[in-house]
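# Fold and contact review
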Amino acid sequence: RQQVVEEWNRTDADYPREAGVHHLVEQQAARVPDAVAIVFEKTSITYAELNARANQLARHLHELGVGSETVVGVHLDRSIDLVVALLGILKAGGAYLPLDPLFPAERLAYMLDDSHAAIVITQHRMLGTLVTGGAAIVRLDSDWPAIAEQSPTDLQRLSFADRLAYVLYTSGSTGRPKGVQVLHSGVVN
């Protein structure tokens, strides 16, 4: 009983309680900038490259009005761009809303409307499968030249622990998806 109940359940760990998820990536980029951060298929990028791209996107999103807890939809396939988008949204102060490209258009439209997403990040080739309502569109592929003009340096560091990191829709017992809000503190922990 001692081993199972007490010893195996000693999971306390010290962690940066005021940090946002993206701050941990910034710390890693400062420690090991040339280490590989992401490998996708035959492409890889370092922590320095990931952090720089996310900073550029964050500044672009900020210019479009993304701020504290602004919900931004992410309609991308699994890729390096997906991770850049998630980090960029968090660095801008926003919260991401995953929009699985395999979901029916009706479900995606409902999630965008219900979450009041201000912006959707996608790629040009995926626009035909998405009904965005009033949300602005950022196309990571065709808009990247403008995004790349932004500074790649880290943004001002604020406390993010009590701020929204993402909204995830579940199936819901009523048949309608329900948005679950997750704070940075829950993810960082």
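Residues numbered from 1 in each chain as written. Predicted model: local features only at pLDDT ≥ 70, side-chain atom pairs only at ≥ 80, totals over all residues. Heavy atoms only, no water.

## With respect to helix α3 (residues 47–63)
An ideal rise of 1.5 Å per residue puts 24 Å on 17 residues; α3 measures up with 24 Å between its terminal C-alpha atoms. Looking at α3, one finds that the buried residues are Tyr-47, Leu-50, Asn-51, Ala-54, Asn-55, Gln-56, Leu-57, Ala-58, His-60 and Leu-61. Gly-65 occupies a position one or two residues after α3 and carries a positive phi of about 105°. (Helix = DSSP H or I, 4+ residues; strand = E, 2+ residues; numbered from the N terminus. Expected span 1.5 Å × (residues − 1). Buried < 20%, exposed > 50% of the residue type's maximum accessible area, 1.4 Å probe, protein only.)

## Digging into the nonpolar core
If you look at the biggest cluster of nonpolar residues, it comprises 29 residues, and the most contacted ones within it are Leu-57, Leu-61 and Ile-121. Contributing elements (two or more residues each) for this core: α3, β3 (71–74), α4 (80–91), β5 (119–122) and β7 (164–170). Top contributing element to this core by residue count: α4, with seven residues. Excluding residues within four positions of it along the chain, Ile-121 makes contact with Leu-57, Leu-61, Val-72, Gly-73, Val-74, His-75, Leu-76, Ala-85, Ile-89, Val-138 and Leu-140. (Core = buried A, V, L, I, M, F, W, Y, C linked by side-chain atoms within 4.5 Å. Contact = heavy atoms within 4.5 Å.)

## Re a nonpolar patch on the surface
On the surface, a nonpolar cluster with roughly 310 Å² of combined accessible area is contributed by Val-4, Val-5 and Trp-8. Along the polypeptide, Val-4 turns up in helix α1 (residues 2–7). (Patch = residues over 30% accessible without salt bridge, like charges linked within 9 Å, V, L, I, M, F, W, Y side chains within 5 Å. Areas by Shrake-Rupley, 256 points an atom, 1.4 Å probe, with all protein chains shown as cover. Salt bridge = Lys/Arg side-chain N within 4 Å of Asp/Glu carboxyl O.)

## Some details on the pattern of salt bridges
Considering all chains together, one arrives at four salt bridges under this definition. Across the pair Lys-91 and Asp-154 runs a salt bridge, and its minimum N-O distance is 3.5 Å. Of this pair, Lys-91 sits in helix α4 while Asp-154 sits in the loop between α6 (144–147) and β7, and the two are 63 residues apart along the sequence. Classification of Lys-91 by relative accessible area gives buried; the value is 5%. Taking relative accessible area as the criterion, Asp-154 reaches 37% and is therefore assigned partly exposed. It is possible to trace a salt-bridge network through shared partners that takes in Glu-26, Lys-91 and Asp-154.

## A few points about the environment of Val-138
Positionally, Val-138 belongs in strand β6 (residues 136–139). Val-138 gets classed as buried once you look at its relative accessible area, which sits at 1%. In this structure the C-alpha to C-alpha distance between Val-138 and Gly-73, which are 65 residues apart in sequence, comes to 10.0 Å. With residues up to four places along the chain from it excluded, the contact list for Val-138 reads His-60, Leu-61, Leu-64, Ile-119, Val-120, Ile-121, Thr-122, Asp-143 and Ile-147.

## Details of the packing of aromatic side chains
Summed over all chains, the structure comprises two aromatic pairs. With a centroid separation of 5.2 Å and 15° between ring planes, the pair formed by Tyr-96 and Tyr-166 is classed as stacked. Of this pair, Tyr-96 sits in strand β4 (residues 95–98) while Tyr-166 is found in strand β7, placing the two residues 70 residues apart along the sequence. An identical accessibility class is assigned to Tyr-96 and Tyr-166; each is buried. Relative to Tyr-169, the ring of Tyr-110 has its centre 6.5 Å away and its plane inclined at 85°; by these criteria the two rings are edge-to-face. One end of the pair, Tyr-110, is in helix α5 (residues 105–115); the other, Tyr-169, is in strand β7, and 59 residues separate them in sequence. Owing to a relative accessible area of 10%, Tyr-169 belongs among the buried residues under this scheme. Across from the ring centre of Phe-103, 4.7 Å away, lies the NZ or CZ of Arg-107, which sits over that ring. (Phe/Tyr/Trp six-rings, centres within 6.5 Å; stacked < 30°, edge-to-face > 60°. Lys NZ or Arg CZ within 6 Å of the ring centre and 35° of its normal.)

## Focus on unusual backbone geometry
In this structure, Glu-41 is a non-glycine residue whose phi angle is positive, near 50°. Of note, the phi angle at Glu-69 is positive, near 65°, even though the residue is not glycine. For Glu-69, the position within the fold is in the loop between α3 and β3. Overall, the relative accessible area of 34% leaves Glu-69 in the partly exposed class.

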